[in-house]
Amino acid sequence: MAPIAATLLCYYTAEIAFVMLVRLWQDKGLKNFFSQEFDGLMTAFKALEEELTLRSVGKKLVIPSFLEY
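Here's a quick rundown of the structure. (Residues numbered from 1 in each chain as written. Predicted model: local features only at pLDDT ≥ 70, side-chain atom pairs only at ≥ 80, totals over all residues. Heavy atoms only, no water.)

Overview of the overall build of the protein
Link 1 in the chain: A tally of regular secondary structure across the protein gives 5 helices and 0 strands.
Link 2 in the chain: Listing every helix and strand of the protein by position from the N terminus yields α-α-α-α-α.
Link 3 in the chain: Scored against the burial criterion, the 69 residues of the protein give a buried share of 12%.
Link 4 in the chain: A separation of at least 24 residues holds for 13% of the contacts in the protein among residues at least 6 apart in sequence.
Link 5 in the chain: Accessible surface for the protein amounts to roughly 6000 Å². Of this, 64% is attributable to carbon and sulfur atoms. (Helix = DSSP H or I, 4+ residues; strand = E, 2+ residues; numbered from the N terminus. Buried < 20%, exposed > 50% of the residue type's maximum accessible area, 1.4 Å probe, protein only. Contact = heavy atoms within 4.5 Å. Areas by Shrake-Rupley, 256 points an atom, 1.4 Å probe, with all protein chains shown as cover.)

Okay, here's the thing in structure tokens:
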């Protein structure tokens, strides 16, 4: 979460950045991304990968399954 907080602090005062981070955590589901097993984050990455495979630009970015470890 440090990169998110650092980015907010680059553009906003500490008070506003804190409120924004709390709102991201509580209202937008950020807490699901940073669970102990990172289940929410991995689910989001998988959804992004699936979405990218449907787009022409995504086909250039997603690693083909035969190259995965």
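Additional details are given in the paragraphs that follow.
Some details on unusual backbone geometry
Link 1 in the chain: Positive phi outside glycine occurs at phenylalanine 38, with the angle close to 60°.
Link 2 in the chain: Within the secondary structure, phenylalanine 38 sits in the loop between α3 (30–33) and α4 (39–52).

Some points on the environment of phenylalanine 33
Link 1 in the chain: Looking at the element boundaries, phenylalanine 33 is found in helix α3.
Link 2 in the chain: Phenylalanine 33 sits in the partly exposed class, given a relative accessible area of 30%.
Link 3 in the chain: Separated by 11 residues in sequence, phenylalanine 33 and alanine 44 place their C-alpha atoms 8.1 Å apart.
Link 4 in the chain: If we skip the residues at most four places from it in the chain, phenylalanine 33 touches Phe38, Gly40, Leu41 and Ala44.

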